[in-house]
Amino acid sequence: MRRVAGLSSRQRLLFGGAVLGGVAIVVILLVIVIAQTSAADEQPIAFNHKRHAENGIQCQFCHAGVAKGPVAGIPSVEKCMGCHEYVATDSPQIQRLHGYWERQEPIPWKRVNEQPSFVYFNHASHIAAAVSCGACHGAVEEMTVAEPVVNMNMGFCLDCHAQQENKDALWDCAVCHR
Amino acid sequence: MAEEQSNGHKWTMIVDADKCTGCQACVVACHAENNVPVSSEDEVIRGRAMHWMRIERYWEGEYPNVKARFLPVFCQQCGNAPCEPVCPVYASYHSTEENINIQVYNRCVGTRYCGNNCPYRVRIFNFWAPRFDAPLEQQLNPDVTVRSPGVMEKCTFCIQRIRRGREQANIEGRPLEDGEIIPACAQACPTDALVFGDKWDENSRVAQMVPSERQFKLLENLGTEPAVYYLKGGETHVGE
Amino acid sequence: MLESRATIGPYWDEPLPDDEHLARQVEHGREEHLMLDARPPAELNQLTLARMRQTGPRFWIALAGLGALTLAFFIAWAIQIVSGLGITGLNRSVMWGPYIANLIYFIGIGHAGTFISAALRLMRMDFRRPIARAAETITLFGLACAALFPIIHVGRIWKLFYMLPIPNQRDLWPNFRSALFWDMMAITTYLIGSTLFMYVALIPDLAMARDHMTGWRRKLYSALSLGWRGTEGEWHRLEVVSNLLSFVIIPVMFSVHTGVSWNLSMAIQPGWHSAIFGPFFVVGALYSGVAAVILVMIIVRKTMRFGYFMREEHFNAMGIFLLILTLTWIYFYFAEWITNWYGNLPLEKAVQAMLTGPLAPLFYLMLFCNIVVPLGTLWSRRVRTSLPAMLVIGILIQVGMYIERVLIVSGSLSRNELPFNWVNYTPHWPEVTVTLGTLAFLGLLYMVYTRFVPIIPVWEVYEGQAMQGSRRVGRAVMSTRTEVH
């Protein structure tokens, strides 16, 4: 404190300004980081992954494309209605589902995991290589609403690719970028 | 640089210039498959036509004995590519797995050095943001990046089809078959002038066509070791 | 001939010898040589500092003009970033245009500064003393402007950091095989090196300015002069560091323009792929650089009235230097041209046919500016010491060397292996604006700098004068030099 007290009023003003500016920058950065990481988008229907997993439904039952091609797929309204025409029909969330079904509309789900447009990921290749869903998506069966758990950036992908037997083949840029 | 056979594939294209009629179906197919924007007339006049594949037309002889020569030119996927060492960020690099030349669009900073060093001038620069006039934007290929302005792009031998074919064969646990992977241009060619395959697969069509007597490589004297082979008979030509 | 050399009256007059003949000799020696026309240090200080603080209406008009052009440059650059490189005239074959030519040109004009300063220092050439800093400054700002051009040139400026070797989790590094990467390293090294070189020599003058100024300037110079007091030890260390840096900076200087030329000659483009390009470009850079230094000397002398410091001997010496470089450059250009011509390779011939065909006006203008004019005039001492003549020659050489770079970069690119891709190139407004704007930016930086920093290295001049004297030997008066090192 002695040093600060020794400063002239103008210097103190400058010093204070610098500190305030620094704090402001940190706060703004924090806000940006929090806004980026939290799943701010609310889904149209509060789909509960945990409840479905507890009832013994496998991931692939709904995300049927996962072993066949690049995209795992979101189930159609028809698929949901296959059970929910009879199951838990009195729940308000299921009534919303019925609403979409009656209006013949697809459910506008919000995307949870997204890659940039220049990254191509093939689910089927990873399933064939016996990578579990949880390796990238986390314990979805414990989640009520699915949320991204890992930052799926290039470093994350390469960490895993580097450990594989055919490491060299998996290190090629064209594996993901085309 | 001697060619060494490794575990990957040596993707190769055969262009039979005797069969080429210059119909440009391959060019259109390439635009559709690879999300290549269509340049405006002004841009073409300014020398910026965006084609990954082009039919170079040369006239031979004097009127009335004029012969038209067609030469489909696209990235030659050189084994000893001049574009690769000059890129300061490795955006242009050699895939040891596919043995072709790959351009990583998201790595490219747009120095355009590779374009200068390509003797075939097949590397295309995105001078503008890509524009697709309606209804073309409805048919963009989701398997191919739409390139941002300021990056280089070029023929990839339809790497998205190669990768998809390999991944599918891998999933099904079987080896790739010859003819399973066909780039858009070869698929569209009505005269079968373009043949694509793995040269290291001895039974493939390309492996059997490469030793042809009619075979030559474009600008072979530069030692770029292209993976595109042209076939041309001595006396046959279009226009007779 | 030069006009009045000093505006401040003589401080003390050494009595002239009685012999009329000898008196004339002494007077002539003084008129000719700055080193013999000694003034007390206080007067040199005052002369330099007074000019530094003078800003007349002409200064502000020039500043506003250059500022407006600089603004136009930054606006053009911003428009180019937003809308893409499509607004330039570049095309699929001519992918490198005036931006790269500008990179070469601006590094070129920045080349001679350090050379004059470092090489002539090592060779103990006294004529460098008053002009060293003016020359170094043009190196500094020329390089800074040149370093802008790779940034202006690239398609995705926001991804430029990919070129820097930053450790990252993706194991991605820049390509160390790329000539562009070497070039970037060489330019950065040279920029840091020449800044340091200039700064070290600037410290005593900054301390001098500190001792004569008040207010914010005093604070600024106190901070910049690093507490220089002028003790024997400090002078000794300055001497050692200056000599060391002079030795170190010369190879770096060669590496820079060699690196730039390798950007071109490492490519297999006809017209570029030539082993001579390294030394050829270094000589070309020195050529345009020395011409630029002469231009700066004329402008600084005229506008800041430094007639006392920059005299006939300096313009004469620089003129001779320029003549030597003219001959060297012609030799290289001839060697490059005749090997391609004699080799008769179709593509090299196509490039030469391009230069003498569609680009013939530019090509012959270049030959006129670079060969005919300097070679025809610089022989004469009258021309070398005439400011208007040197101004014209200097500007012509700038024009000629700029055209030469554009012809090499864009002219060669418009011809390539497959004739289907032959295309001509015309610059559009962004290239023109950016090029002119950068020149203005260089001038602006220089102008502002001359008002903040003593542009004459007073201590070096004084040091030189202290070591010189005139001595009578028989019937003649000779100048003598005392070696104190």
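Residues numbered from 1 in each chain as written. Chains lettered and ligands numbered in written order. Predicted model: local features only at pLDDT ≥ 70, side-chain atom pairs only at ≥ 80, totals over all residues. Heavy atoms only, no water.

**Student:** Whenever I open this one, helix α11 (residues 312-343) of chain C confuses me. Can you help?
**Tutor:** An α-helix turns once every 3.6 residues. As a result, residues three or four positions apart point the same way. Here α11 of chain C spans 46 Å end to end across 32 residues, near enough to the 46 Å set by a 1.5 Å rise per residue. A positive phi of about 60 degrees marks Asn 344 of chain C, the residue just after α11 of chain C. (Helix = DSSP H or I, 4+ residues; strand = E, 2+ residues; numbered from the N terminus. Expected span 1.5 Å × (residues − 1).)

**Student:** Quick question: what am I supposed to make of a nonpolar patch on the surface here?
**Tutor:** A cluster of nonpolar side chains, Ile 299, Leu 362, Leu 365, Phe 368, Val 372, Leu 391, Ile 395 and Val 399 of chain C, forms an exposed patch at the surface whose accessible area comes to about 620 Å². For the nonpolar patch, the secondary structure elements donating two or more residues are α13 (360-377) and α15 (387-413) of chain C. (Patch = residues over 30% accessible without salt bridge, like charges linked within 9 Å, V, L, I, M, F, W, Y side chains within 5 Å. Areas by Shrake-Rupley, 256 points an atom, 1.4 Å probe, with all protein chains shown as cover. Salt bridge = Lys/Arg side-chain N within 4 Å of Asp/Glu carboxyl O.)

**Student:** Mind showing me how you'd approach the nonpolar core here?
**Tutor:** Generally speaking, nonpolar side chains in soluble globular proteins are found buried as a group. Grouped together as the largest cluster of nonpolar side chains are 201 residues, with contacts concentrated most on Phe 157 and Leu 194 of chain B together with Phe 309 of chain C. Of all the elements, helix α10 (residues 277-304) of chain C adds the most residues to this core, at 16 residues. Other than its neighbours up to four places away in sequence, Phe 157 of chain B contacts Trp 11, Thr 12, Met 13, Phe 74, Cys 75, Gln 77, Ile 100, Ile 162, Pro 183, Phe 196, Ala 227 and Val 228 of chain B. Val 77, Met 81, Leu 97 and Tyr 100 of chain A belong to the second largest nonpolar core, which has 7 residues in total. (Core = buried A, V, L, I, M, F, W, Y, C linked by side-chain atoms within 4.5 Å. Buried < 20%, exposed > 50% of the residue type's maximum accessible area, 1.4 Å probe, protein only. Contact = heavy atoms within 4.5 Å.)

**Student:** Even after reading the chapter, I still don't get the interface of chain B and chain A, so can you show me in this structure?
**Tutor:** Reports often express the size of an interface as the amount of accessible area lost when the parts come together. Between chain B and chain A, the contact holds 19 residues from the first and 17 residues from the second. Here chain B and chain A share an interface that buries about 1,600 Å² over both sides, 55% of which is from carbon and sulfur atoms. The largest share of the area that chain B buries against chain A comes from Asn 106, Thr 145 and Ile 171 of chain B, three residues that together contribute 31% of it. Summed over the shared surface of chain B and chain A, the number is 1 salt bridge. We note a salt bridge from Glu 167 of chain B to Arg 178 of chain A, for which the minimum N-O separation is 3.3 Å. Counting the contacts that link chain B with chain A gives 12 residue pairs in polar contact (both at pLDDT 80 or more). Per-element tally for the side of chain B that touches chain A: the top contributor is helix α5 (residues 159-171) of chain B, with 7 residues. Split by residue class, the side of chain B that touches chain A holds 8 nonpolar, 6 polar and 5 charged. (Buried area = accessible area lost by both parts, 1.4 Å probe. Polar contact = N/O pair within 3.5 Å; in protein donor to acceptor, adjacent residues only side chain to side chain. Nonpolar A, V, L, I, M, F, W, Y, C, P; charged D, E, K, R; others polar.)

**Student:** Any chance you could explain helix α6 (residues 92-103) of chain A here in plain terms?
**Tutor:** Residue and element names in this part refer to chain A. For α6, which comprises 12 residues, the first-to-last C-alpha distance of 17 Å matches the rise-based estimate of 16 Å (1.5 Å per residue) to within 8%. Every buried residue of α6 is listed here: Ile 94, Leu 97, His 98, Gly 99 and Tyr 100. Looking at the buried side of α6, the elements it contacts are α5 (77-84). The N-cap of α6, judged by a side-chain oxygen 3.2 Å from the amide nitrogen of Gln 93 a few residues on, is Ser 91. The first or second residue beyond α6 is Gln 104, which carries a positive phi of 55 degrees.

**Student:** Teacher, can you tell me more about the pairing of strand β10 (residues 228-231) of chain B here?
**Tutor:** Within a regular strand, the side chains alternate between the two sheet faces. Residues and elements named next belong to chain B. Residues Val 228 and Tyr 230 line one face of β10 and the alternating positions Tyr 229 and Leu 231 line the opposite face, and both faces are buried. Bridging between strand β1 (residues 11-16) and β10 involves 4 bridges; their strand directions are parallel. Each residue of the ladder has a partner; that of Val 15, found in β10, is Tyr 230. Two elements, strand β9 (residues 215-216) and β10, share 2 bridges in a ladder whose sense is antiparallel. Paired with Phe 216 across the two strands is Tyr 230, which belongs to β10. (Pairing = 2+ DSSP bridges.)

**Student:** Sorry, what's going on with the sheet that holds β10 of chain B here?
**Tutor:** Across a sheet, strands are paired by hydrogen bonds formed along the backbone, either parallel or antiparallel in direction. Reading across the sheet, the 4 strands line up as β8-β1-β10-β9 (chain B) and stay open at both edges, with mixed pairing between neighbours. Looking at which strands have only one partner, the edges of the open sheet turn out to be β8 (194-198) and β9 of chain B.

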